[in-house]
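Coordinate inspection notes
Chain residues, written in single-letter form:
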Amino acid sequence: MKHGTHDLALFGGPPAFLQNRRVGRPNQGDRRRFLERMNRVLDNEWLSNMGPLTYEFEGRVADLAGVRHCVSLCNATVALQMLVGDVATGGVPGDEVIVPALTFPATAHAVRWRGLRPVICDVDPVTGLIDPDRAEALITPRTRAIIGVHLWGQACDVRRLEKIAESNKLRLFFDAAPALGCTHGDTPIGGLGDAEVFSFHATKVVNTFEGGAIVTDDDALAERMRTARNFGFGRDGRVEQLGTNGKLNEAAAAMGLTSLDALGDNIAHNRANYEAYLAALAQIPGVRALEYDARHRNNHHYMMITVEERTAGLNRDLLLDVLRAENILAQPYFPQAMHQLKPYADESAVPLPHAEALCGQLLALPTGPGVSAADVEVISHVVRAAVAHGSEVAALRRAEPAGTTGE
Ligand code: T4K
């Protein structure tokens, strides 16, 4: 137990965990089942280019997302680039796509990578989701699309964004990278807007080592995306359009299927951890766990809190250092807003105060199958102890000789 500042590992106490507790520890599922599938892959001697496991994986993801088409891909970044490429067809350099200021860099990068201009939009101060009113105000004659991000599995204000997109004749996509297994009302995330993108990166709720998918009910768009992911080859083997190599391979699909087998159990475990965190973190001054809109279901793959320095006595970055010293590998998702990243420094003429404030306060705490209810108690106890002695921790940190703080 951490009773005083000197019990904290940051100042020489024993760490709370010998083995680290992480955000994003891979959900691998049953290893025996994975190895059986890998044997099948090797026996088939069919390793990539749309093998049987890849088709099976696509079918299961489409069912889960409640859509007709799942176009599996090598990662979500390429998926976003391909959708933006679809918007860019026939466009001119300088065409614009509205993206939220609070997201992983991939969302804005995909737009810029395809030669369009990401127009960065502020977010709701509580949820961190794209603010539809601000998005509408950013529309110009050059705007072609809006990309909403279902941040930490929370559904965007989909109906409002649909209305804005429809009345301005814009494409509407959702970056649903973290949101497999989540819903908007009773509708699974996956069937919203023109298309949505999932990530199956190693750290996601379902992993394929690296992987992603475009999911949609738009038959023609799905066909163009299938063609685009395979160098532009059409069904007759001729190159019909610009393409890339975006294919998922069979080893990835074997992992994806095995990880999918465990999805239901993992979400149930995450939900139990989330409830335990909510109870254990209540009443800690300056620390707020993000509570989600009860109309939608979340996979609780990310356990997000904010740390408000004035009340907590220490800031997010210092709490992060305290936790990491205890082998609690929390993550500051996301530490910078899009317009604060070097490539986009010139992209926002207006201040984006909500995204900027959240970027300084947000912290993801460890969860997932490797984190038990007892671990949640210990992690929450460390947070409580750090905040109870917040100003003392900050003063000790300031008093450390330069060069010892890792900054
Ligand atoms: N859009 C959004 C909204 C996204 O969040 C992302 C990705 C994308 C698009 C793009 O998707 P992909 O193109 O990647 O499919 C991680 C992931 O790399 C990234 O995929 C994810 N979002 C982001 C939220 O998290 P980092 O920079 O935090 O990764 P890293 O390597 O620091 O790992 C995070 C934690 O996971 C650490 O505690 C270590 C642990 N970890 C990581 C790996 C790779 C493991 O335990 N095992 C592993 O194999 O970005």
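Fair warning: this is a prediction, and the values are worked out from it, not measured in the lab. Note that residues are indexed from 1 along each chain, following the sequence as it is written. Per-residue local features are limited, in this predicted model, to residues with pLDDT of at least 70; the limit for side-chain atom pairs, both in listing and counting, is 80 or more; totals at the level of whole chains, interfaces and linings are taken over all residues. Processing note: side-chain calculations cover all non-hydrogen atoms of the structure and skip hydrogens and water entirely.

Structural notes on the overall build of the protein
- To qualify as a helix, a DSSP run of H or I must reach at least 4 residues; to qualify as a strand, a run of E must reach at least 2; elements of each kind are numbered from the N terminus. If you tally the helices and strands in the protein, you get 14 helices and 14 strands.
- Computation of the radius of gyration draws on C-alpha atoms, with the globule rule given as 2.2 Å multiplied by the number of residues to the power 0.38. In summary, the protein has a C-alpha radius of gyration of 22 Å against a globular reference of 22 Å for 407 residues, a match within 12%.
- If you line up the protein on its principal axes, its C-alpha atoms span 70 × 55 × 40 Å.
- Contact criterion: two residues are considered in contact whenever any of their non-hydrogen atoms come within 4.5 Å of each other. Restricting the contact set of the protein to residue pairs at least 6 apart, pairs at least 24 apart contribute 70%.
- Per-residue accessibility takes into account occlusion by the displayed protein chains alone, with areas from the Shrake-Rupley method and a 1.4 Å probe. A total accessible area of about 17600 Å² is found for the protein, and carbon and sulfur atoms account for 52% of it.
- Charge-centre separation for the protein: the mean point of 40 positive side chains lies 2 Å from the mean point of 49 negative side chains. Counted charges follow a simple rule, with Lys and Arg positive, Asp and Glu negative, and His plus the chain ends left uncounted. Where a charge lies is defined by one atom per residue type: Lys uses NZ, Arg uses CZ, Asp uses CG and Glu uses CD.

Some points on the domain arrangement of the protein
- Residue ranges assigned to each domain were obtained from an automatic or database domain assignment. Along its sequence, the protein is organised into domain 1 (5-24 + 262-330 + 366-399) and domain 2 (31-261).
- With centres defined by C-alpha atoms, the gap from domain 1 to domain 2 works out at 31 Å.
- Carbon and sulfur atoms make up 52% of the surface buried where domain 1 meets domain 2, a total of about 1700 Å² over both sides.
- Take the accessible area each of two parts loses on contact, using a 1.4 Å probe, and add the two losses: that sum is the buried area. For domain 1, the biggest contributors to the area lost against domain 2 are L263, R297 and Y302; these three give 33% of the whole.
- The salt bridge definition used is simple: a Lys or Arg side-chain nitrogen within 4 Å of an Asp or Glu carboxyl oxygen. Between the two partners, domain 1 and domain 2, sit zero salt bridges.

Considerations on the packing of helix α1 (residues 31-44) against helix α2 (residues 52-65)
- Think of each axis as a best-fit line through the C-alpha atoms, taken over the contacting stretch in the case of a helix, with angles from 0 to 180 degrees between the N-to-C directions. Following both chains from N to C, one finds α1 and α2 inclined at 135 degrees, their axes separated by 10 Å at the closest point. Classified by the angle their axes make, α1 and α2 are oblique. Contacts from R37, R40, V41 and N44 of α1 reach α2 at P52, L53, E56 and R60.
- Taken together, the residues of the contact of α1 with α2 break down into three nonpolar, one polar and four charged. When an angle is under 35 degrees it counts as roughly parallel; over 145 it counts as roughly antiparallel; between 65 and 115 it counts as roughly perpendicular; any other value is oblique. Three classes are used: nonpolar for Ala, Val, Leu, Ile, Met, Phe, Trp, Tyr, Cys and Pro, charged for Asp, Glu, Lys and Arg, and polar for all others, with Gly counted as polar.

Considering the site of the ligand
- For this purpose, a residue is taken to be near a molecule or strand whenever a single non-hydrogen atom of the residue falls within 4 Å of it. For the ligand, the set of nearby residues contains 24 residues, the closest of which are R22, T77, D175, S199 and Y333.
- Contacts to the ligand include T77, whose side-chain N or O atom sits 2.5 Å from an oxygen atom.
- The contact in question runs from an oxygen atom of the ligand to an N or O atom on the side chain of H201, over 3.3 Å.
- A total of 930 Å² of accessible area belongs to the ligand in isolation, and the protein chains cover 75% of it. Polar contact is the term for a pair of N or O atoms within 3.5 Å; when the atoms are in protein, one must be able to donate a hydrogen and the other to accept it, and sequence-neighboring residues count only if both atoms are side-chain atoms.

Re helix α14 (residues 390-399)
- Summary of the burial criterion: residues with accessible area below 20% of their type's maximum are buried, those above 50% are exposed, and those between are partly exposed, where the area comes from a 1.4 Å probe applied to protein chains only. Along α14, the residues that are buried comprise G390, V393, A394 and R397. Axial view of α14: buried residues confined to an arc of 100 degrees, hence all on one face. Residues S391 and A399 are exposed on α14 and point more than 90 degrees away from its buried face.
- In the core, the buried residues of α14 are packed alongside α10 (309-312), α11 (316-325) and α13 (373-388). An arc is given here, and it is the one of the directions from the helix axis to the C-beta atoms.

Examining the sheet that holds strand β11 (residues 287-289)
- A pair of strands is labelled paired if DSSP reports no fewer than 2 bridges between them. Taken in spatial order, the three strands line up as β11-β12-β14 in an open sheet, and their pairing is antiparallel. Both edges of this open sheet fall to β11 and β14 (362-365), since each of them pairs with a single strand only. Neighbouring strand axes in the sheet, compared pairwise and without regard to direction, differ in orientation by 30 degrees on average.
- With three bridges joining them, β11 and strand β12 (residues 303-307) adopt antiparallel strand pairing. The partner of R288 across the bridge, within β12, is T306.
- On the sheet, α11 packs against β12 and β14 and is oriented at approximately 20 degrees with respect to β14.

Considerations on a nonpolar patch on the surface
- Each patch is built from salt-bridge-free residues with over 30% relative accessible area, joining like charges within 9 Å and nonpolar side chains (Val, Leu, Ile, Met, Phe, Trp, Tyr) within 5 Å. A cluster of nonpolar side chains, contributed by F231, F233 and V239, occupies part of the molecular surface with about 270 Å² of accessible area.
- Summarising the element assignment, F231 is placed in the loop between α7 (219-229) and α8 (250-261).
- The exposure class of F231 is partly exposed, given its relative accessible area of 38%.

Some points on the pairing of strand β5 (residues 143-149)
- Burial analysis of β5 places six of its seven residues in the buried class, the great majority of the element.
- Judged from the three bridges that link them, strand β3 (residues 96-100) and β5 form a sheet pairing that is parallel. Paired with E96 across the two strands is T143, which belongs to β5.
- Of the pairings in the sheet, the one linking β5 to strand β6 (residues 171-175) comprises five bridges and is parallel in character. Considered in β6, the bridge of I147 is made with F173.

Details of the environment of I189
- Of note, I189 is situated in the loop between β8 (187-188) and β9 (195-199).
- Accessibility expressed as a relative area gives 1% for I189, which makes it buried.
- Taking C-alpha positions, I189 is 20 Å from E210, a pair spaced 21 residues apart along the chain.

Some details on the environment of R171
- Residue position: R171 is located in strand β6.
- Between the C-alpha atoms of R171 and L83, which are 88 residues apart in sequence, the distance is 9.9 Å.
- Apart from the residues lying within four places of it in its own chain, the contact partners of R171 are D86, V87, R144, A145, I146, D194, L221 and R224.
- Engagement of the side chain of R171 in a polar contact is seen with the side chain of D86, the distance being 2.8 Å.

Structural notes on the sheet that holds β9
- In spatial order, the strands read β2-β10-β9-β6-β5-β3-β4; together these seven strands make up an open sheet with mixed pairing. Pairing within the sheet leaves two strands with one partner each, and these edge strands are β2 (69-73) and β4 (117-121). When the angles between neighbouring strand axes are averaged without regard to direction, this sheet yields 25 degrees.
- Where β3 and β4 come together, five bridges link them in parallel fashion. Within β4, the residue paired with E96 across the bridge is R117.
- Packing of α2 onto the sheet brings it into contact with β2, β9 and β10 (212-216), and relative to β2 it is tilted by some 130 degrees.

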